[in-house]
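# A closer look at the structure
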Amino acid sequence: MSKPIPDDYTNLLVQVKQRIRSAQYEALKAVNKELIALYWDIGQMIVTRQQGDSWGKSVVEQLAKDLQTEFPGITGFSTANLWRMRLFYETYAANEKLAPMVREIGWTHNIVIFEKCKDDIEREFYIKMTRKFGWTKNVLIHQIENQTYEKTLLNQTNFDQTVSAEIRNQLKLAVKDEYTFEFLELADEHNERQLEEAILTRVEPFLQEMGGIFAFIGSQYRLEIDDEEYFIDILLYHRSLKCLVAIELKIGKFLPEYVGKMQFYLAVLDDKVRLADENPSIGIILCKSKQRTIVEYALKESNKPIGVGTYQIVSTLPQELKNQLPAPEQVAKLLEGFE
């Protein structure tokens, strides 16, 4: 007669499943690295031969046919993909910093990045964000098309004076200057409650637009202080930074008094909600529009980490901001330590 299943069997099952998933993930990473290395080497061989022997396009086309005949069960050797391997190698061969990084993300992600991004700094940004947040190919395309790179570098926060140096850069890269909510079916004229309700019906795309590594905690999150009730529009949790994120939604232009209200919410969250091992809470004030100078003054004396962004139903980046991106060396410094 077999013995009964022990009470703690469930814990064993959970641990074994976690270990199996971990092994599967590591195996997939190893396979991906080997595939990227293969494509890199093929691209290098094509470039070298075409430079040295003056070989033309027909050689690549013939190579694709012969490889497909020799390895009929293996995809990836089409003429178009061989040209991508060539471009892939040419794009990163001279960049000692990015060449190792490209092995950390998938081939389809790499294609999107080296074909759609205009320079190495922008490519580094999307490589690191894809690796950090586990973006799918479609999410990555969405982020590039919505100009996440530019909107992140232009963001307005007071993180330099309110958070520790250890997490400052990661926080800056977690807040954008403008968010695009094109997935919301809203009329041009709407109130704050309608905006919030629309977000709640599309939580998943909302979290993706916010950055993809947030967890949803609640809407109209209740705080009680001395028998008085206060409600935060949306409360999220940033899984990587281990901090609560309070979001206030405003359908009009930014007003300085919004900062004081957010400071109050963050103080209460830190005192009554935040766990001992979590970082201080941060706030994001989302408005329909803002004047950058007014935001700078409003945040200047704030002692709580707050960012101010705008939201649009369609993707736009004001023309006057396109030439205000930080210098490449400033961007590179910001990306340091963001792994």
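Presented here is an overview of the structure given in this document. (Residues numbered from 1 in each chain as written. Predicted model: local features only at pLDDT ≥ 70, side-chain atom pairs only at ≥ 80, totals over all residues. Heavy atoms only, no water.)

Moving on to the packing of helix H5 (residues 107-116) against helix H7 (residues 137-145). Relative orientation of the contacting elements H5 and H7 amounts to 15 degrees, with a least axis distance of 9 Å. Viewed along their axes, H5 and H7 adopt a mutual orientation that is roughly parallel. Here the hand of the crossing between H5 and H7 comes out right-handed. Between H5 and H7, the contacting residues are Thr108, His109, Val112, Ile113 and Lys116 on the first element and Lys137, Leu140, Ile141, Ile144 and Glu145 on the second. For the contact of H5 with H7, a count of residues per class yields five nonpolar, two polar and three charged. (Axes fitted to C-alpha atoms, helices over the stretch in contact; angles between N-to-C directions. Helix = DSSP H or I, 4+ residues; strand = E, 2+ residues; numbered from the N terminus. Parallel < 35°, antiparallel > 145°, perpendicular 65-115°, else oblique. Left-handed = near helix turned anticlockwise from the far one by under 90°. Contact = heavy atoms within 4.5 Å. Nonpolar A, V, L, I, M, F, W, Y, C, P; charged D, E, K, R; others polar.)

Summarising the element assignment, arginine 202 is placed in the loop between helix H11 (192-201) and helix H12 (203-210). The class for arginine 202 is partly exposed, based on a relative accessible area of 34%. Residues arginine 202 and leucine 184, spaced 18 residues apart in sequence, show a C-alpha to C-alpha distance of 7.4 Å. The residues touching arginine 202, leaving out its near neighbours within four places in the chain, are Phe183 and Leu184. (Buried < 20%, exposed > 50% of the residue type's maximum accessible area, 1.4 Å probe, protein only.)

Once that is clear, we can look at the packing of aromatic side chains. How two aromatic rings sit relative to each other is set out by the distance from centre to centre and by the angle between their planes. For the coordinates displayed, the defined rule picks out 18 aromatic pairs. Residues tyrosine 126 and tyrosine 149 carry aromatic rings whose centres are separated by 6.5 Å and whose planes lie at 45 degrees to one another, so their mutual orientation is tilted. Of the two residues, tyrosine 126 is situated in helix H6 (residues 120-133) and tyrosine 149 in helix H8 (residues 148-153); the sequence distance between them amounts to 23 residues. Residue tyrosine 126 shares its accessibility class with tyrosine 149, and that shared class is buried. Members of the aromatic cluster, joined through ring pairs, are Tyr39, Trp40, Phe88, Tyr89, Tyr92, Trp107 and Phe114. (Phe/Tyr/Trp six-rings, centres within 6.5 Å; stacked < 30°, edge-to-face > 60°.)

Keep in mind that these numbers describe shape and distance, not what the molecule does.
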